[in-house]
Amino acid sequence: MSADSRTWSIAELAAEYDVTLRTIRFYEDRGLLTPERRGTVRVYHPRDRVRLGLILRGKRLGFSLDEIATIVDMYDAEPGEKGQLAYLLDQITSRRTELEQRRRDIDETLAELAEVERRCQADLHALRD
């Protein structure tokens, strides 16, 4: 069987990507996956499998489903792969900037907590004496 003719059931994809059937159905309902229907059976083709991997990677990177849909749908539409990659690079830059700001905020909060903790310990020590 050639790689292009290989198909997967919903259960096979769920097991491969360690997600629930409900997750895959949700992505299908959102139009992100479009399996072939053979009666009541969903048949997933290589394109669906790749898209599921991209969706899950996008989620891990913190992109919204709308952002993920834009990215994966661009591959099939104009401006094609070039536009998709340019858009993705812009999204990565934006996401990185956001995460770096969160890191700075967390570092500042941790420093403030350490200072408050130090003062509380000093005050408690003074009260005990």
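Please refer to the structure higher up on the page.
Residues numbered from 1 in each chain as written. Predicted model: local features only at pLDDT ≥ 70, side-chain atom pairs only at ≥ 80, totals over all residues. Heavy atoms only, no water.

Caption draft 1: How the structure looks around the pattern of salt bridges. Across all of its chains, the model carries 10 salt bridges by this definition. Two residues, Asp-66 and Arg-30, come together in a salt bridge whose shortest N-O distance is 2.9 Å. Pair noted here: Asp-66 is in helix α4 (residues 65-74) and Arg-30 is in the loop between α2 (21-29) and β1 (36-38), with a separation of 36 residues, a long-range link. Glu-98 is the salt-bridge partner of Arg-102, the closest N and O atoms lying 2.9 Å from each other. With Arg-102 and Glu-98 both in helix α5 (residues 80-128), this residue pair falls four residues apart, about one helical turn. In this structure Arg-102 comes out as partly exposed when scored by relative accessible area, which is 45%. A residue is classified by how much of its surface remains accessible, and Glu-98, at 35% relative accessible area, is partly exposed. Linked through salt bridges whose partners overlap, the residues forming this network are Glu-28, Arg-37 and Arg-42. (Salt bridge = Lys/Arg side-chain N within 4 Å of Asp/Glu carboxyl O. Helix = DSSP H or I, 4+ residues; strand = E, 2+ residues; numbered from the N terminus. Buried < 20%, exposed > 50% of the residue type's maximum accessible area, 1.4 Å probe, protein only.)

Caption draft 2: Here's a closer look at the side chain of Gln-91. As for its placement among the helices and strands, Gln-91 is situated in helix α5. Setting aside anything within four residues of it in sequence, one finds Gln-91 in contact with Phe-63, Glu-67 and Ile-71. (Contact = heavy atoms within 4.5 Å.)

Caption draft 3: Representation of the nonpolar core. Counting residues in hydrophobic clusters, the biggest one holds 18 residues, and the most contacted among them are Ile-24, Tyr-27, Leu-32, Leu-52 and Ile-55. In this structure, Tyr-27 is in contact with Leu-32, Leu-33, Leu-52, Ile-55, Leu-56, Lys-59 and Leu-65, ignoring residues within four places of it in sequence. (Core = buried A, V, L, I, M, F, W, Y, C linked by side-chain atoms within 4.5 Å.)

Caption draft 4: Main features of unusual backbone geometry. A positive phi angle, near 55 degrees, is found at Asp-18, a position not held by glycine. Position of Asp-18 relative to the elements: it lies in the loop between α1 (10-17) and α2. In this structure Asp-18 comes out as exposed when scored by relative accessible area, which is 70%.

Caption draft 5: Broad picture of the side chain of Asp-48. Within the secondary structure layout, Asp-48 lies in helix α3 (residues 46-60). There is no salt bridge for the buried Asp-48, and the closest opposite charge comes from Arg-47, which lies 4.7 Å off by N-O distance. If we ignore the near neighbours within four places in the chain, the residues touching Asp-48 are Leu-33, Thr-34, Pro-35 and Val-43. (Lys, Arg positive; Asp, Glu negative; His and termini not counted.)

Caption draft 6: Seen up close, α5. Helix length check: α5, at 49 residues, gives a terminal C-alpha distance of 71 Å against a target of 72 Å (1.5 Å per residue), a fit within 8%. Turning to α5, its buried residues are Gly-80, Gly-83, Gln-84, Gln-91 and Arg-95. For α5, the secondary structure elements touched by its buried residues are α4. (Expected span 1.5 Å × (residues − 1).)

Caption draft 7: Representation of α4 within the structure. Those residues of α4 that sit buried are Leu-65, Ile-68, Ala-69, Ile-71, Val-72 and Met-74. Against the buried residues of α4 lie α2, α3 and α5.

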